[in-house]
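One letter stands for each residue in the lines below.
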Amino acid sequence: MTDLSAGRGPLGAPMPRREDYRFLTGSGRYTDDVNISQQTYAYFLRSPYAHAKILAYRTDAAKASKGVIAIFTGEDIKAAGIGGLPCGWLITDVDGQPMKEPPHPVLAIDKVRYVGDHVALVVADTYEHARDAAELIDIDYEPLDAVVRPDDALKPGAPVVHDAAPDNTSFVWALGDKAAVDAAFAKAAHVTTLEYVNNRLIPNAIEPRAAVAQYSRADDSYTVYVSNQNPHLERLLMSAFVLNLPEHKVRVVAPDVGGGFGSKIYIYAEEAAIVWASKKINRAIKWTADRSEAFLSDAHGRDHISKAELAMDAEGHFLALRVDTKAALGAYMSTFSSCVPTILYGTLLAGQYKTPAIHVTVTAVFTNTAPVDAYRGAGRPEATYLIERIVETAARELKLDPVEIRRRNFVTEFPYQTPVALAYDTGDYAASLDKALQIADVAGFAARRSEAKARGKLRGIGYSCYIEACGLAPSNIAGALGARAGLYEAGQVRVHPTGKVTVFTGSHSHGQGHETTFAQVVADRLGIPFDDVEIVHGDTARIPFGMGTYGSRSLAVGGSAIIRAIDKIVEKGRKIAAHVLEASVSDIEFSAGAFRVAGTDKNIPFAQMALTAYVPHNYPLDKLEPGLDETAFYDPPNFTFPAGCHICEVEVDPETGETQIIAMTAVDDFGNIINPMIVEGQVHGGLAQGIGQALLEGCVYDRESGQLLTGSYMDYAMPRAADLPNFKVGTTCTPCTHNPLGVKGCGEAGAIGSTPAVINAITDAIGVRDIAMPATPERVWRALQGAQSA
């Protein structure tokens, strides 16, 4: 870790998170804690069918039941002219046509397309009364055949999810030089091919989704409290694209949020429906999902079927990579669903390697399942899994050490332009690998494997060298690639007369520790006490328009916006200090919390300068306005590129197929680190999620009926403490070259690098080419039987 503190201030120090006290003592304020006078409660009736026509609604009995205030169906939505939920990224098909984007109604109109689709909204005086009334709604359905796998959806004669996409394809997208790839394969000495499924996952934040909507007849405005990662985007999409409301009449507040992992970036049907309904009944409406609803209706993640081919020369140098992926979209497009398997996946297929030619084709497919969208890493885990699994497989086919094949192909000169659009600004991949090898004691692995064999166990080791693109940017390039929003961030720094500081950030915290790390940055930059800095986020009525938090962009983009605002504060402070100290502005220096005349002992502390700005008795009023409050927007010139090496060591019981992770090592290059304790916590959480995908988690729909078979924790296994080892983590550092903090982002790395390392370790232990995720004991045992009979 690079020490940023340089002996002054809190920057680079492992400071405890200031927000943890309220969380650990039950003093947090989450959306479900919000209660408004005379509020009502919402319950959503959901489709029991994966695919069916809606022939008739019968709601009379429900409307007459106890406590019911109103019931709304798709017919009401249609009559009100309410728009569908929009997708925020336009992808252009290989034929030059825009993607097929069928409507995503707030409540189902004429047809339901997955189990859990929204059919009716019941509003009552209590949640229990709303739920009881929903059971009295009688709907005539005409069941239709369903399709839940992307490969099945592409077969001739498959059930059609949307008439607007009769082949169930939204788009076919491609990136790279196909001719160069084909030429490289023609001269290759060896080609490795791997076909696999990247399993569908269900996000499971501790706090389920929730929303409270209140309409004010006094000024025709709305206030929405919502568990969301991006309140300004929620407001924009809801007002402009769904409900056709004046944006300035909608206030969105995201209070404390108990985890998001991408699943709370989007605008969901429930939120839009209760905002609209709140005006219809002129009362506040509250909705909180239960866990069963979350399994059914939260946007899912991953769900790719891919074929990868790697062409190499006789020495194992990579010549070309060819990829074909079928990516499930689910029943409808979601807010970012189109960019996840394309811009955030295809552009990362170079990995850490200088592969000269790459070509990827992605077919995005509608299925009768919950929508698929960004989930921790969002495209980057899928790309890393493909690369690191095929590299490991290639090493085994060529009988090369998996470490050596990576070293031979690492990018070593920067900046580096990949053949799939991205340009890496800096990195040192060998340094991360070397440190990981040392921490993991790879040199002693052979002895440990022999000892395990003597106990009747199979021991394996797996590697994963990942790279990701964070701090999504810049807006002009993103726009050219189809983004329908900017990717900048906003920061406002308000210095009070006493020198205390309030920072308003467009970023949003849902567990990342913004209230601590942002305060560290500000306190260090201004040379003031850490406790003198307050961080405000999550309220569109208080903060400048910002783009929220996802893609590990908080410090790289949000922090950079704050730094720019601080620079404006300091520059104005220099002018004030020059006037007070009777010096030229060019002679004023600022450091350690004071403005000084260069070469003298004359100075004015930061707090005194602030007071002067607000009590302008001695102030250059002819040149400066009073006050000290500055805003800045930062649009980064490039992505940031965290990278690293993860090494997993497993032990498999050949009698049962049970896999135990003995050791997990993660060495990451996050650039400069502001708070190492928070970074380590982020890595630990990501590792748990990545291991969960590899060993335990897998969303399963019945292939015939489309019913969700993993609809609760009884069927969907989440990692627990006993499933995880004590992680060994470390860092290396090549600072980002294009943001003022030199940071890269750390929020997703653990979930990106760990999954292929685990599968590589298991396949190494049991001597098979591949194993499907999650690698349950049954799957491992069956793979062992197949290996023994081969």
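Residues numbered from 1 in each chain as written. Predicted model: local features only at pLDDT ≥ 70, side-chain atom pairs only at ≥ 80, totals over all residues. Heavy atoms only, no water.

## Quick notes on the confidence of the model for the protein
In this model, the protein carries a mean pLDDT of 96, and residues with pLDDT of at least 70 account for 99%. Taken as a whole, residues 1–8 scores under 50 in pLDDT and shows 15 contacts with residues more than four places along the chain or in a different chain. (pLDDT = per-residue confidence, 0-100. Contact = heavy atoms within 4.5 Å.)

## Examining the packing of helix α18 (residues 676–695) against helix α19 (residues 749–766)
Close contact between α18 and α19 brings their axes to 7 Å; oriented N to C, the two are set at 40°. In terms of axis orientation, α18 runs oblique to α19. The hand of the α18/α19 crossing is right-handed. In this structure, α18 uses Val-683, Gly-686, Leu-687, Gln-689, Gly-690, Ile-691, Gln-693, Ala-694 and Leu-695 to contact α19, whose residues at the interface are Gly-750, Ala-751, Ser-754, Thr-755, Val-758, Ile-759 and Ile-762. (Axes fitted to C-alpha atoms, helices over the stretch in contact; angles between N-to-C directions. Helix = DSSP H or I, 4+ residues; strand = E, 2+ residues; numbered from the N terminus. Parallel < 35°, antiparallel > 145°, perpendicular 65-115°, else oblique. Left-handed = near helix turned anticlockwise from the far one by under 90°.)

## Description of the nonpolar core
Within the largest apolar cluster, 154 residues are counted, with the highest numbers of intra-cluster contacts made by Leu-121, Leu-349, Ile-762 and Ile-766. Broken down by element, the residue count for this core peaks at 9 residues, all from α19. In contact with Leu-121, other than residues within four places in its own chain, are Ala-42, Tyr-43, Phe-44, Ala-70, Ile-71, Phe-72, Leu-107, Ala-273, Ile-274 and Ala-277. Core analysis: the next-biggest nonpolar cluster, separate from the first, contains 47 residues, Val-501, Ala-556, Val-570 and Ala-577 among them. (Core = buried A, V, L, I, M, F, W, Y, C linked by side-chain atoms within 4.5 Å. Buried < 20%, exposed > 50% of the residue type's maximum accessible area, 1.4 Å probe, protein only.)

## Re the packing of helix α16 (residues 554–581) against helix α17 (residues 606–614)
Orientation of α16 relative to α17, taken along the N-to-C sense of each, is 85°, at an axis distance of 10 Å. In terms of axis orientation, α16 runs roughly perpendicular to α17. Of the residues in α17, those in contact with Ile-569, Gly-573, Ile-576 and Val-580 of α16 are Phe-606, Met-609, Thr-612 and Ala-613. Taken together, the residues of the contact of α16 with α17 break down into 6 nonpolar, 2 polar and no charged. (Nonpolar A, V, L, I, M, F, W, Y, C, P; charged D, E, K, R; others polar.)

## Regarding empty space enclosed by the protein
One pass over the full model with this rule turns up 6 cavities of 30 Å³ or more. Taken as a whole, the largest cavity spans an internal volume of roughly 130 Å³. Lining the largest cavity are 16 residues, and of these Leu-85, His-104, Tyr-268, Ser-334 and Pro-371 sit closest to its centre. Looking at the lining of the largest cavity residue by residue, the classes come out as 10 nonpolar, 5 polar and 1 charged. There is about 70 Å³ of room inside the second largest cavity. Every residue along the wall of the second largest cavity is listed here: Leu-310, Phe-318, Leu-321, Leu-349, Ala-350, Tyr-353, Thr-355, Ile-387, Ile-390 and Val-391. The element contributing the most residues to the lining of the second largest cavity is helix α10 (residues 380–397), with 3 residues. (1 Å grid on protein atoms, 1.4 Å probe; cavity = no way out; pocket = protein on both sides within 12 Å on 5 of 7 lines; lining within 4 Å. Points joined across faces, edges and corners; volume = space filled by probe spheres on them.)

## With respect to the sheet that holds strand β23 (residues 594–597)
Ordered by their spatial adjacency, 3 strands build an open sheet running β22-β23-β24, and the pairing between neighbours is antiparallel. Where the open sheet ends on each side, the last strands, each with one partner, are β22 (588–591) and β24 (603–605). Along the sheet, successive strands turn relative to each other by an average axial angle of 20°, direction set aside. As defined by bridge partners, β23 adjoins β24 across 3 bridges and the pair is classed as antiparallel. Looking at β24, one finds that Ala-594 is bridged to Pro-605. (Pairing = 2+ DSSP bridges.)

## What about the pattern of salt bridges?
Tallying each qualifying case throughout the model produces 48 salt bridges. In this structure, the salt-bridge partner of Asp-152 is Lys-155, at a minimum N-O distance of 3.1 Å. Residue Asp-152 is classed as buried on the basis of its relative accessible area of 13%. Judged by its relative accessible area of 46%, Lys-155 falls in the partly exposed class. (Salt bridge = Lys/Arg side-chain N within 4 Å of Asp/Glu carboxyl O.)

## Topic: the sheet that holds strand β19 (residues 489–495)
Taken together, the 4 strands give an open sheet; going across it, the order is β21-β20-β19-β25, and neighbouring strands pair in mixed fashion. Looking at the sheet topology across the chains shown, the edges are occupied by β21 (533–536) and β25 (629–634). Averaged over all neighbouring strand pairs, the angle between strand axes comes to 15°, with direction disregarded. Two elements, β19 and strand β20 (residues 501–505), share 5 bridges in a ladder whose sense is antiparallel. Each residue of the ladder has a partner; that of Val-493, found in β20, is Val-503. Relative to the sheet, helix α15 (residues 514–526) contacts β20 and β21, its axis offset from that of β21 by approximately 135°. Strands in contact with α16 are β19, β20 and β25; relative to β25, the strand with the most contacts, it is inclined by about 140°.

## Quick notes on the layout of surface pockets
There is about 910 Å³ of room inside the second largest pocket. Lining the second largest pocket we find 38 residues, and of these Asn-199, Gly-698, Met-773, Pro-774 and Arg-779 sit closest to its centre. When contributions to the lining of the second largest pocket are tallied by element, the ones reaching two or more residues are α5 (150–153), β27 (659–669) and α20 (777–789). Here the lining of the second largest pocket takes 3 residues from β27, the largest share from any one element. Split into classes, the residues belonging to the lining of the second largest pocket amount to 20 nonpolar, 8 polar and 10 charged.

## What to know about α18
Counted at 1.5 Å a residue, the expected span for α18 with its 20 residues is 28 Å, and the 28 Å between its end C-alpha atoms agrees. α18 sits mainly inside the fold: 14 of its 20 residues count as buried. (Expected span 1.5 Å × (residues − 1).)

## Observations concerning the pairing of strand β12 (residues 285–288)
On a regular strand, one side chain projects to one face of the sheet and the next to the other, so that they alternate. Of the pairings in the sheet, the one linking strand β1 (residues 40–46) to β12 comprises 2 bridges and is parallel in character. When the sheet's bridge partners are listed, Tyr-41 is paired in β12 with Lys-286. As paired strands, strand β9 (residues 210–216) and β12 are joined by 4 bridges and run antiparallel to one another. In the sheet register, Val-212 faces β12, and the bridge partner there is Lys-286.

## Quick look at a nonpolar patch on the surface
Taken together, the side chains of Leu-611, Tyr-614 and Val-615 define a hydrophobic patch exposed on the protein surface, amounting to about 230 Å² of accessible area. One can find Val-615 in the loop between α17 and β25. (Patch = residues over 30% accessible without salt bridge, like charges linked within 9 Å, V, L, I, M, F, W, Y side chains within 5 Å. Areas by Shrake-Rupley, 256 points an atom, 1.4 Å probe, with all protein chains shown as cover.)

## Examining the packing of aromatic side chains
Any pair of aromatic rings gets described here by the distance separating the centres and the angle formed by the planes. A full pass over the atoms with the stated rule returns 22 aromatic pairs. Ring pairs connect the aromatic residues Phe-318, Tyr-353, Phe-410, Phe-414 and Tyr-429, which therefore count as one cluster. Taking NZ or CZ as reference, Arg-209 lies 3.5 Å from the ring centre of Tyr-268, over its face. Cation over ring: Arg-322 sits above Phe-185, and NZ or CZ is 4.0 Å from the ring centre. (Phe/Tyr/Trp six-rings, centres within 6.5 Å; stacked < 30°, edge-to-face > 60°. Lys NZ or Arg CZ within 6 Å of the ring centre and 35° of its normal.)

## Notes on the pairing of strand β15 (residues 357–366)
For β15, a buried count of 10 out of 10 residues is recorded, marking the element as mostly surrounded by other parts of the structure. Of the two faces of β15, both are covered, the one formed by Ala-357, His-359, Thr-361, Thr-363 and Val-365 as well as the one formed by Ile-358, Val-360, Val-362, Ala-364 and Phe-366. Summarising the sheet, strand β7 (residues 169–176) and β15 pair through 7 bridges and their orientation is antiparallel. Within β15, the residue paired with Trp-173 across the bridge is Val-362. In terms of strand pairing, strand β14 (residues 318–330) meets β15 through 10 bridges, oriented parallel. For Lys-326, the partnering residue across the bridge sits in β15 and is Thr-363.

## Overview of the environment of Cys-465
With respect to the secondary-structure elements, Cys-465 resides in strand β18 (residues 458–467). Since its relative accessible area comes to 2%, Cys-465 is described here as buried. Sequence separation of Cys-465 and Ala-395 is 70 residues, and the distance between their C-alpha atoms is 14 Å. When sequence neighbours within four positions are dropped, the list of residues in contact with Cys-465 reads Gln-352, Tyr-353, Glu-388, Arg-406, Phe-410, Leu-433, Gly-644 and Cys-645.

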